[in-house]
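Remarks on the overall topology
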Amino acid sequence: MPMAIGVVAGIVLAAILALIGLFKLMWRVAEPNEALVISGSTHRTEGIGEGMGFRIVTGRGTLVVPGVQAVRKLSLDLNETQLNVDCVTHQGIPLRVKGVVIFKIGDDLVSIANAARRFLDQQKMMPERVHIVFAGHLRSIVGGLTVEDMIRDREKLTGQTRAACGTEMEKLGLIVDSLQIHEIEDPTGYIKNLAMPHAAAVQRDARIAQAEANRLATEAEQTAFARMAEATRDSEILQAGYQAERDKAAATARQAGPLSEAAARQEVVVQETRVAELEAHRREQQLQADVRKPADAAAYETRTRAEAERDARISAAQAKAKETELAAAAEATRVTTAATADAAATEARGLAAAKATRATGEAEAAATQAKGLAIAASAKAKGLAEADAIKARAAALAENQEAVVAQQLAENWPAIVEAGAGAFGNVEHMVLLNGAEGMSEMFAKALTMGGTGLGLARQLLASMSQPGTAPGAASDTAPGSTPGAGPVNGKTAPASHQIPIAEA
């Protein structure tokens, strides 16, 4: 039984939910800015005839049978269309009229029914259709007017256009909320030319008024200048009188001037002297306060500190002396005792050491004396030998100079050849014009530099043997070299025997 009740309750609940869903599916509500057009059954609506086959619902809800009736929405919002119409006036003048039309579907059922028949599936085409209607009527109305009428009474153009389009708009189910003519363009310049006479008249009047104002201003300026000149003249006359009085007073003042200046100068000198005295006194006081007193204070402080430090040092020295005296007395007693014990041993060791030292000193003195005598004898023998060698060389030079020079050249021949070859040390590339013969000639010249040195040595010895020549005149010149030439072991050949070479 409970199960049966539950089943029945479930069935009832499902039926209720199904009814609610079916009701929601069938119930339609029209928004404030729209109308529901329900078709699918014959309805009678007051004012729109019989057997229309559709029903209009606004601002409320209604039941719609799915599958039997169809529901579509028709917007009641405002719409607008921009007017841009080319027209020709009664005078044959082309114009372009620009404006805007604001319209909507009427709120009554007749207007909604008319609009539904024409725009239910083409609601986006309403602005275009309205533009076509207004453009045609606007051209017709402008064709019966003049440019002057349109300019002076634009409201008349607007009213005639709305009246002419009212019937057709009513048939379409539309009403016009606003029609505005914004601009009238004139491609031919007729309106501009129409305004030129008036503009010229206004400019003329303005120029006349400006000229009159300039004339009045000029007259006023001239009158003001005349008054200024008159005032200037009176002022100069008064100034001349005042100047005469000032000159008379100045002359009187100049007569008494020197005495007054002398008296004033005297007073100034007196005051300056007093000021100088006061300034000197002030400086003295300032020096007393700034220099002397601080210096005295500093000196007193330094002196006091020095005396305190001196007294402290004296006290410390006295204490130190007393301590040292006591320590010295104790140390003296200890040393005396120790010294008495070590005296005998030290005396014995000293006597033995003195004897040994004396014997060693006597032996070293004898050896040093013998060595000095030997060195002196050797030096004397060497000096005598060198002197004999010099005398023998001098005698040989006197008897046979060429042999001595040849000996010297033979001894220094390697150095001479090296100096001659040094002329080619820095040469990287050398070009000889005559081949192997040129090479042989070049090396022969380098080797014969020694012969040239022999001739120079002979000349030098000859000059030395002449009377009046200083004994050491040629001592700074090395054998085998000439004045102006490089050193014997130098890097270049003698200046008078350099070999010209061509560098590649």
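Residues numbered from 1 in each chain as written. Predicted model: local features only at pLDDT ≥ 70, side-chain atom pairs only at ≥ 80, totals over all residues. Heavy atoms only, no water.

Under the annotation held in an unreviewed UniProt entry, the protein carries the name Flotillin family protein and is attributed to Streptomyces vinaceus. UniProt lists a comment for the protein under the heading Sequence similarities (unreviewed entry), and it reads "Belongs to the band 7/mec-2 family. Flotillin subfamily." Word for word, the UniProt comment on the protein under Subcellular location (unreviewed entry) is "Membrane". (UniProt positions renumbered as here; feature names shortened; annotations may be inferred.)

In terms of regular secondary structure, the protein is built from 10 helices and 8 strands. In the protein, which comprises 504 residues, the share counted as buried stands at 19%. Taking contacts inside the protein between residues at least 6 apart in sequence as the whole, the part at least 24 apart equals 70%. About 35,500 Å² of surface is accessible on the protein, with carbon and sulfur atoms providing 60% of the total. (Helix = DSSP H or I, 4+ residues; strand = E, 2+ residues; numbered from the N terminus. Buried < 20%, exposed > 50% of the residue type's maximum accessible area, 1.4 Å probe, protein only. Contact = heavy atoms within 4.5 Å. Areas by Shrake-Rupley, 256 points an atom, 1.4 Å probe, with all protein chains shown as cover.)

On the basis of which strands lie adjacent, the open sheet formed by 3 strands has the order β3-β2-β5 and antiparallel pairing. Unpaired on one side and paired on the other, β3 (54-58) and β5 (70-75) mark the two borders of the sheet. In this sheet, adjacent strand axes meet at a mean angle of 25 degrees when their direction is disregarded. Bridge analysis of strand β2 (residues 34-39) against β5 gives 6 bridges, and the strand direction is antiparallel. Across the sheet, leucine 36 pairs through a bridge with lysine 73, a residue of β5. Here helix α2 (residues 109-119) sits on the sheet in contact with β2, β3 and β5, set at roughly 120 degrees to β3. (Pairing = 2+ DSSP bridges. Axes fitted to C-alpha atoms, helices over the stretch in contact; angles between N-to-C directions.)

So, on to the side chain of threonine 89. Take threonine 89: it is sitting in the loop between β6 (79-88) and β7 (94-105). The buried category is assigned to threonine 89, whose relative accessible area is 4%. Contacts of threonine 89, omitting those with residues within four sequence positions, involve Leu95, Val142, Gly143, Leu145, Val147 and Met150.

A few words on the nonpolar core. Note that soluble globular proteins tend to have their nonpolar side chains buried in a common cluster. Counting residues in hydrophobic clusters, the biggest one holds 41 residues, and the most contacted among them are Val101, Ile105, Phe134, Met150, Leu157, Met169 and Leu174. Of the residues forming this core, the biggest block, 8 residues, is contributed by helix α3 (residues 126-143). Two domains each provide a minimum of three residues to this core, namely domain 1 (27-71) and domain 2 (76-188). Excluding its chain neighbours within four sequence positions, the residues that come into contact with leucine 174 are Phe103, Lys104, Ile105, Gly106, Phe119, Met126, Val130 and Met169. (Core = buried A, V, L, I, M, F, W, Y, C linked by side-chain atoms within 4.5 Å. Domains from an automatic or database assignment.)

One pass over the full model with this rule turns up 13 salt bridges. Measuring nitrogen to oxygen at the nearest pair gives 3.3 Å for the salt bridge that ties aspartate 205 to arginine 204. Close ionic contact of arginine 215 with glutamate 219 constitutes a salt bridge, the shortest N to O distance being 2.8 Å. Highlighted residues: arginine 215 and glutamate 219, both in helix α6 (residues 190-399), separated by 4 residues, approximately one helical turn. Judged by its relative accessible area of 39%, arginine 215 falls in the partly exposed class. Assessed through its relative accessible area of 41%, glutamate 219 is described here as partly exposed. A cluster of three or more residues bridged by salt bridges with shared partners is formed by Glu212, Arg215 and Glu219. (Salt bridge = Lys/Arg side-chain N within 4 Å of Asp/Glu carboxyl O.)

Tracing the backbone through its elements, the reader meets leucine 120 in the loop between α2 and α3. Spatially, the C-alpha atom of leucine 120 lies 8.1 Å from that of arginine 72, the residues being 48 residues apart in sequence. Other than its neighbours up to four places away in sequence, leucine 120 contacts Val37, Arg72, Lys73, Leu74 and Ala115.

This part covers the sheet that holds β7. Here 3 strands make up an open sheet; going across it, the order is β6-β7-β8 and the pairing antiparallel. Strand pairing shows two members of the sheet lacking a second neighbour, β6 and β8 (174-185), which therefore form its edges. Here the average twist between neighbouring strands, direction ignored, is 25 degrees. Summarising the sheet, β6 and β7 pair through 10 bridges and their orientation is antiparallel.

Here we come to α3. Between its first and last C-alpha atoms α3 spans 26 Å; for 18 residues at 1.5 Å apiece the expected length is 26 Å, and the two agree. The set of residues buried in α3 consists of Met126, Val130, Val133, Phe134, Ala135, His137, Leu138, Ile141 and Val142. (Expected span 1.5 Å × (residues − 1).)

Summarising the element assignment, lysine 104 is placed in strand β7. At 2.9 Å, the side chain of lysine 104 forms a polar contact with the side chain of aspartate 107. Aside from chain neighbours lying at most four places away, what touches lysine 104 is Leu76, Asp77, Leu78, Gly173, Leu174, Ile175 and Asp177. (Polar contact = N/O pair within 3.5 Å; in protein donor to acceptor, adjacent residues only side chain to side chain.)

On the surface, a nonpolar cluster with roughly 540 Å² of combined accessible area is contributed by Val8, Val12, Leu13, Ile16, Leu17 and Ile20. The residue isoleucine 16 is located in helix α1 (residues 2-26) in this model. (Patch = residues over 30% accessible without salt bridge, like charges linked within 9 Å, V, L, I, M, F, W, Y side chains within 5 Å.)

Our next topic: the UniProt feature "transmembrane region" (unreviewed entry) in the protein. Using the residue numbers shown here, the UniProt feature "transmembrane region" (unreviewed entry) corresponds to residues 7-27. Helix and strand shares over residues 7-27 are 95% and 5% respectively, and the end C-alpha atoms of the span are 30 Å apart.

Below, the discussion takes up the packing of α3 against helix α5 (residues 154-171). When two helices pack together, their arrangement is given by the angle between the helix axes and the distance between those axes. As a packed pair, α3 and α5 sit with axes 9 Å apart at the nearest point and diverge in direction by 135 degrees. Our classification of the angle between α3 and α5 gives oblique. Two packed elements cross with a definite hand, and for α3 against α5 that hand is right-handed. In this structure, α3 uses Val130, Val133, Phe134, His137, Leu138, Ile141 and Val142 to contact α5, whose residues at the interface are Leu157, Gln160, Thr161, Ala164, Cys165, Glu168 and Met169. Of the residues that constitute the contact of α3 with α5, the class distribution is 10 nonpolar, 3 polar and 1 charged. (Parallel < 35°, antiparallel > 145°, perpendicular 65-115°, else oblique. Left-handed = near helix turned anticlockwise from the far one by under 90°. Nonpolar A, V, L, I, M, F, W, Y, C, P; charged D, E, K, R; others polar.)

Before going further, it helps to examine the pairing of β3. Among the 5 residues in β3, 4 count as buried, and that is most of the element. When β2 meets β3, the two strands line up antiparallel, connected through 5 bridges. From the neighbouring strand, leucine 36 faces β3, where its bridge partner is valine 57.

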